[in-house]
Amino acid sequence: NGFPGMLWSDITVGRRHSCAIRSDGSAWCWGSDDSGQLGSSAPMDDLCVVDDEEFPCTDEPVLVDGGRTYTMIDTEGWNHHTCALATGGTAWCWGGAFRTGTPSAVPGVQFTSIEVGPFSLCGVGTDGRGYCWSWVGTPGAPVSTTLTFRHVEPVGDGGCGITTSNVIYCWG
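Summarised in this report is the structure supplied together with it.

Definitions and limits used
Residues numbered from 1 in each chain as written. Predicted model: local features only at pLDDT ≥ 70, side-chain atom pairs only at ≥ 80, totals over all residues. Heavy atoms only, no water. Patch = residues over 30% accessible without salt bridge, like charges linked within 9 Å, V, L, I, M, F, W, Y side chains within 5 Å. Areas by Shrake-Rupley, 256 points an atom, 1.4 Å probe, with all protein chains shown as cover. Salt bridge = Lys/Arg side-chain N within 4 Å of Asp/Glu carboxyl O. Lys, Arg positive; Asp, Glu negative; His and termini not counted. Charge placed at Lys NZ, Arg CZ, Asp CG, Glu CD. Helix = DSSP H or I, 4+ residues; strand = E, 2+ residues; numbered from the N terminus. Buried < 20%, exposed > 50% of the residue type's maximum accessible area, 1.4 Å probe, protein only. Pairing = 2+ DSSP bridges. Axes fitted to C-alpha atoms, helices over the stretch in contact; angles between N-to-C directions. Disulfide = S-S within 2.5 Å. Phe/Tyr/Trp six-rings, centres within 6.5 Å; stacked < 30°, edge-to-face > 60°. Contact = heavy atoms within 4.5 Å.

**Here we look at a negative patch on the surface**
Then comes step 1: Together, D45, D46, D59 and E60 give the surface a local cluster of negative charge.
Then comes step 2: Mapped onto the elements of the fold, D45 is located in the loop between β3 (27-32) and β4 (46-50).
Then comes step 3: Looking at D45, the relative accessible area reads 71%, which means it is exposed.

**Quick look at the sheet that holds strand β14 (residues 158-163)**
Then comes step 1: One open sheet accounts for 3 strands, arranged β13-β14-β15; its pairing is antiparallel. The open sheet is flanked by β13 (149-155) and β15 (168-171), the only strands paired with a single partner. For this sheet the average axis-to-axis angle between neighbouring strands, irrespective of direction, equals 20 degrees.
Then comes step 2: In the sheet, β13 pairs with β14 via 6 bridges, with the strands oriented antiparallel. In the strand pairing of β14, H151 is matched with I162.

**A closer look at the pairing of strand β10 (residues 111-116)**
Then comes step 1: In terms of burial, β10 is a largely internal element, 5 of the 6 residues being buried.
Then comes step 2: In this structure, β10 lies alongside strand β11 (residues 120-125), joined through 5 bridges in antiparallel fashion. Within the sheet, the bridge partner assigned to S113 lies in β11 and is V124.
Then comes step 3: Taking the residues between adjacent antiparallel strands as the criterion, β10 and β11 are bridged by 3 residues.

**Quick word on the state of the cysteines**
Then comes step 1: All told, the structure shown has 5 disulfides when counted by the stated rule.
Then comes step 2: For C48, the disulfide goes to C57, at an S-S distance of 1.8 Å. Its S-S torsion of about 85 degrees marks the bond between C48 and C57 as right-handed, since a negative value means left-handed.
Then comes step 3: Given the relative accessible area of 3%, C57 is considered buried.
Then comes step 4: In the protein chain, numbering the disulfide-bonded cysteines from first to last in sequence yields the connectivity 1-2, 3-4, 5-6, 7-8, 9-10.

**As for the packing of aromatic side chains**
Then comes step 1: In total, this model carries 4 aromatic pairs according to the counting rule given.
Then comes step 2: With a centroid separation of 5.7 Å and 65 degrees between ring planes, the pair formed by F149 and W171 is classed as edge-to-face. With F149 in strand β13 and W171 in strand β15, this pair connects stretches of sequence that are 22 residues apart.
Then comes step 3: Given a relative accessible area of 4%, F149 falls into the buried group.

**As for the side chain of Q37**
Then comes step 1: Along the chain, Q37 falls in the loop between β3 and β4.
Then comes step 2: Take Q37: its relative accessible area is 0%, and that puts it in the buried class.
Then comes step 3: Setting aside residues up to four positions removed in sequence, Q37 forms contacts with R16, H17, C19, C29, S32, H80, T82, W94 and G95.

**Describing the pattern of salt bridges**
Then comes step 1: Scanning the entire structure with this criterion turns up 1 salt bridge.
Then comes step 2: Measuring nitrogen to oxygen at the nearest pair gives 3.3 Å for the salt bridge that ties D34 to R16. Here D34 is found in the loop between β3 and β4, whereas its partner R16 is found in the loop between β1 (8-13) and β2 (17-22), with 18 residues between them in sequence.
Then comes step 3: Owing to a relative accessible area of 13%, R16 belongs among the buried residues under this scheme.

Given below as structure tokens:
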């Protein structure tokens, strides 16, 4: 329906839910909430039927818990999890693989960008290093101590990235 009166700066679409960032930096999600993928403790009074199963859901955006200001958001549809990058570089994730509907901070690294995959997450740290980790773990060492990246993407248990020199590297 276009959500009249709301202006948006970023959107991500999963299999059963979608999330977006409003122009004020707040994160909102709508759709199915069967795995906490809406990131909200608000009760979902509606039921949606998908593949002959009923799930709590909403067709109106609900505010993601925490009151943070975000700059980007990404989701992985099949595992129903979402991560958003807050102002200041902290990544917050919720739903599906994270086994919580409450956003949880990714510890240890501040990011300039993040990407969510079906088995892992990747991001570019504020130090320019690429990081990838399992969605049940936390970031460890960068994928390289000599390369700096402008973008990284999760691929299976590894990833690929484009360096600041515009060269592609893959690992994992």
